[in-house]
Amino acid sequence: MITHHPSLLRLRAPLPAGLRHGTSHALLFTAAAYSPSPPPLRLLPLRVAAGGSSLVGPDGGNRATPPQPGAAALDFARSNFLPLALIGGMTLGLLDPTLGCLAHKYSLSKYSTFGIFVISGLTLRTKELGAALQAWPAGLFGLGSILLFTPFLAQFLVQIQFFPREFITGLAMFCCMPTTLSSGVTLTQLAGGNSALALAMTVISNLLGIMFVPLSLAKYIGTGAGVSLPTKELFRSLVNTLLVPLILGKVARETSKGFVDGNRQGFSVLSAVLLSLVPWIQVSRSRSLLLSVKPKAFAIIVTIGVLLHLALLAFNATTLQVLSCLKQKEESVLTRKEYARAVILVASQKTLPVLVAVVEQLGGALGESGLLVIPCVAAHINQIIIDSILVNWWRQRDQRSTSAK
C-alpha cells in the first residue's frame, strides 16, 4: 500500500472524475507531483495586420491567418468610399429614378451642396494656412494653373464635334472650375506633401473662383455655344452656395474645435454622402436621355476626361521643373518634393460641387442638366483613381530611397 505525503495532497491538482480510482492512476499523479515544476505560462504575442492577423507559434515561427473576406471588403470600402458613393448614386438613379425625381422636386441638391461647403468650413484649420507662406511661389503657380491655364483649355474642347453635345460642353465647364475641396488635400497628405500649401491653394482658388468661374464660362463656353451667361446671377449664386456656408462652417469650427477634429472621418463620410446625392438626382432626372446615349459615346467622353487629367498632371509637373531650373543661385521651393507634390495634385484636380451649383443656376441654358453633369462625375472619379495610383508610386519610391540609405 502506498502512502501519500500530506504536502503532495495539497500540491496535487484534483483528478478528473473518471480517474479518481485505481492505484496505477494514483502512482502516475504522485510521480508527477515529484517532477520539476513546469515553466510559467507565457502569452503568445498577437500581431494584428490589416485585413487579418498572424499568431507566433510555439517554435517562434509565424503562423499566418488568411484575411477574412468581410474585413478585406470593409477595408476596401473605407479606402474608396467617395468613388463608391458616386458610382452608387449613379447606379441607383439608373435603376429606379422615382426617389431621385422626388428629391429634385424638393430641391435636395441645393441643400446637399450647401451642406458640403459647411463641412468644408468646419474642417478648415487656420494655423495650417500660415505654414504655407514660405512656399508662396509654388502656391502662386498653382493658382495660375487652376484659374487661368485649365479654363483656357475649355475653348479647345468646345470645338470637338460630339453627340450628345452636352457631354463635351459639361467637360469644358469642368475645366473652368476651381480645385477639389477635400481629395486634393487628402492625397497630398498621403504623398508626404505639404498639406498646408494644398489647403491654402484649395481655399483661395475656391474663393477666387466665385469671380473667375462666371468670367471663364462666359468667355470660353458661352460664346462658342451661342449663349450669353447671366454673370451677375451666377456670381450671386456662387456666393450663396459656397462663400456663405464656408464662413458659417468656419465660425462653427472656432466654437467647437475639439468636436470637429475628433470626428473628421465622420465629416468626410458625410461630405461624400452629400456629394453622391448630386449624381443620383441628376441621373434620375435624365434617365431616359441617358438610356438613349450609345455606350460608345459614353466610353469616348470618359477617355477624353482621362486624357485631360493626364495632360494637366504632365503640364504642372513639367512647368514646375522648368521654373525651378531658372533659379540657380539657391534652392527653389519649387524643387522641394513636399511643395511640388502639393501643387501637382491640387492644381490638376477640379471640383464637382461648384460645377453642380453652376449647372443648377444656368437652368438648362447650355443643355440638359443631367447630361452636363454625367461626364464631370466620371472625370471626378477618374482623377481620384489616377492620382491615387500616382501617390502610391511616390510612396513606394520614397520607401526604396529610404531603404537604400
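Note that this is a predicted model, so its numbers are computed, not measured. For every chain, the first residue of its written sequence is number 1, and the numbers climb from 1 along that sequence. Selection of residues for local features in this predicted model requires a pLDDT of at least 70, selection of side-chain atom pairs for listing and counting requires 80 or more, and totals for whole chains, interfaces and linings are taken over all residues. Side-chain figures throughout are based on the complete set of non-hydrogen atoms in the structure, without hydrogens or water.

Novice: Can you tell me about the nonpolar core, naming the residues and giving the values?
Specialist: Definition used in this section: a nonpolar core is a set of buried Ala, Val, Leu, Ile, Met, Phe, Trp, Tyr and Cys residues joined via side-chain atoms within 4.5 Å. With a 1.4 Å probe rolled over the protein chains alone, any residue whose accessible area is under 20% of its type maximum counts as buried; one over 50% counts as exposed, and the rest are partly exposed. With 66 residues, the main nonpolar core has M173, L217, I221 and V358 as its most contacted residues. Any two residues having at least one pair of non-hydrogen atoms within 4.5 Å are treated as being in contact. Aside from chain neighbours lying at most four places away, what touches M173 is L217, I221, L355, V358, V359, L362, L366 and L372. Core analysis: the next-biggest nonpolar cluster, separate from the first, contains 29 residues, A138, V203, L313 and V346 among them.

Novice: Describe the pattern of salt bridges, listing the residues and the values that go with them.
Specialist: Throughout this description, the term salt bridge denotes a Lys or Arg side-chain nitrogen within 4 Å of a carboxyl oxygen of Asp or Glu. As enumerated under the stated definition, the model contains 6 salt bridges in all. Here D261 makes a salt bridge to R253, at a shortest N to O gap of 2.9 Å. By relative accessible area, which is 32% here, D261 ends up partly exposed. Judged by its relative accessible area of 4%, R253 is buried. Residue D261 pairs with R264 through a salt bridge whose shortest N-O separation is 3.6 Å. Where salt bridges share partners, they join R253, D261 and R264 into one cluster.

Novice: I'd love a proper account of a nonpolar patch on the surface, names of residues and values included.
Specialist: On the surface, F81, V269, L270 and V273 cluster together into a nonpolar patch covering about 280 Å² of accessible area. A run of H or I in DSSP counts as a helix once it spans at least four residues, and a run of E counts as a strand once it spans at least two, with each numbered from the N terminus. Per-element accounting of the nonpolar patch gives the leading share, 3 residues, to helix α14 (residues 264–285). Summarising the element assignment, V273 is placed in helix α14. Here, patches come from residues exposed beyond 30% relative accessible area and free of salt bridges, joined within 9 Å for like charges and within 5 Å for nonpolar side chains (Val, Leu, Ile, Met, Phe, Trp, Tyr). In short, Shrake-Rupley with a 1.4 Å probe defines the accessible areas, and a residue's cover is counted only from the protein chains shown.

Novice: Residue-level account of the confidence of the model for the protein, with values.
Specialist: The quantity called pLDDT is the predictor's confidence in a given residue, expressed from 0 to 100. For the protein, the mean per-residue pLDDT works out to 78, and 78% of the residues sit at or above 70. Across residues 15–35 the pLDDT falls below 50, and counting only partners more than four positions away or on other chains, this stretch makes 13 contacts in the model. Taken as a whole, residues 41–58 scores under 50 in pLDDT and shows 24 contacts with residues more than four places along the chain or in a different chain.

Novice: Which residues make up the state of the cysteines, and what are the values?
Specialist: Here, the term disulfide refers to a pair of cysteine sulfur atoms separated by no more than 2.5 Å. Applying the stated criterion across every chain, the model contains 0 disulfides. A disulfide-free cysteine, C175 has its sulfur positioned 6.6 Å from the sulfur of C176, the nearest such atom.

Novice: Which residues make up the environment of E338, and what values go with them?
Specialist: Secondary-structure assignment places E338 in helix α17 (residues 337–347). Residue classification places E338 among the partly exposed residues on the basis of a relative accessible area of 23%. Spatially, the C-alpha atoms of E338 and N194 are 5.0 Å apart, while their sequence positions differ by 144 residues. Each residue touching E338, except ones within four places of it in the same chain, is listed here: G192, G193 and N194. We call two N or O atoms a polar contact when they sit within 3.5 Å, provided that within protein one can donate a hydrogen and the other can accept it, with sequence-adjacent residues counted only if both atoms are side-chain atoms. Reaching out from E338, the side chain makes a polar contact with the side chain of R336 at a distance of 2.7 Å.

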